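Remarks on the overall topology
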Amino acid sequence: EKLNDRIALGQAIAKLPTNWKQIITLRYYRNMTQQQVADMLGLSQVKVSREEKKILRTLKEELQ
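Thresholds applied
- Residues numbered from 1 in each chain as written.
- Predicted model: local features only at pLDDT ≥ 70, side-chain atom pairs only at ≥ 80, totals over all residues.
- Heavy atoms only, no water.
- Helix = DSSP H or I, 4+ residues; strand = E, 2+ residues; numbered from the N terminus.
- Buried < 20%, exposed > 50% of the residue type's maximum accessible area, 1.4 Å probe, protein only.
- Contact = heavy atoms within 4.5 Å.
- Lys, Arg positive; Asp, Glu negative; His and termini not counted.
- Charge placed at Lys NZ, Arg CZ, Asp CG, Glu CD.
- Expected span 1.5 Å × (residues − 1).
- Core = buried A, V, L, I, M, F, W, Y, C linked by side-chain atoms within 4.5 Å.
- Axes fitted to C-alpha atoms, helices over the stretch in contact; angles between N-to-C directions.
- Parallel < 35°, antiparallel > 145°, perpendicular 65-115°, else oblique.
- Left-handed = near helix turned anticlockwise from the far one by under 90°.
- Nonpolar A, V, L, I, M, F, W, Y, C, P; charged D, E, K, R; others polar.
- Salt bridge = Lys/Arg side-chain N within 4 Å of Asp/Glu carboxyl O.

Moving on, we get to the overall build of the protein chain. Of regular secondary structure, the protein chain possesses four helices and zero strands. Out of the 64 residues belonging to the protein chain, those deemed buried represent 28%. Contacts in the protein chain between residues at least 24 apart in sequence constitute 47% of all its contacts with a sequence separation of at least 6. In the protein chain, 12 side chains carry a positive charge and 7 a negative one; their mean positions are 4 Å apart.

Next up on the list: helix 2 (residues 18–29). Over its 12 residues, helix 2 extends 15 Å from the first C-alpha to the last, a length consistent with the 16 Å expected when each residue adds 1.5 Å. Looking only at helix 2, the buried set comprises W20, I23, I24, L26 and R27. Contact partners of the buried residues in helix 2: helix 1 (2–14), helix 3 (34–41) and helix 4 (45–63). Following helix 2 by one or two positions, N31 adopts a phi angle in the positive range, close to 55 degrees.

Grouped together as the largest cluster of nonpolar side chains are 13 residues, with contacts concentrated most on L16, V37, I55 and L59. Elements represented by at least two residues in this core include exactly helix 1, helix 2, helix 3 and helix 4. Setting aside its immediate chain neighbours within four residues, I55 contacts L16, W20, I23 and I24.

Okay, the packing of helix 2 against helix 3 next. The N-to-C vectors of helix 2 and helix 3 enclose an angle of 135 degrees; their axes lie 9 Å apart at closest approach. Here helix 2 is positioned oblique relative to helix 3, judged by the angle of their axes. Taken as a pair, helix 2 and helix 3 cross one another with a handedness that is right-handed. Contacts between helix 2 and helix 3 involve Q22, I23, L26 and R27 from the first element and Q34, V37, M40 and L41 from the second. Across the contact of helix 2 with helix 3, the residue classes tally to five nonpolar, two polar and one charged.

Taken as a whole and assessed by the stated rule, the structure comprises four salt bridges. With a shortest N-O distance of 2.8 Å, K15 and E62 are connected by a salt bridge. Linking K15 in the loop between helix 1 and helix 2 with E62 in helix 4, this pair joins segments that are 47 residues apart in sequence. Among the residues examined, K15 registers a relative accessible area of 60% and is labelled exposed. Using a relative accessible area of 41% as the deciding quantity, one classes E62 as partly exposed.

Dropping the structure here:
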C-alpha cells in the first residue's frame, strides 16, 4: 500500500506546473527552509509559503 501511495504521489507531482515542482522538490526532497527556497528561486518567503499551501491543497485533492 505504501508503494501505491508513493506512485500516486509521484504522478500527482508530475502534473504540477514546473515552478510548483521546484518548490516541492526543494522543500520536501532536499529539506530546505522556505527562506532558502525563496532565496534560490528569487521569491519572498511569504510567496513560497502561500504557494506551498496551494500546492499541498492541490495534491490532497488529487490524491483523494
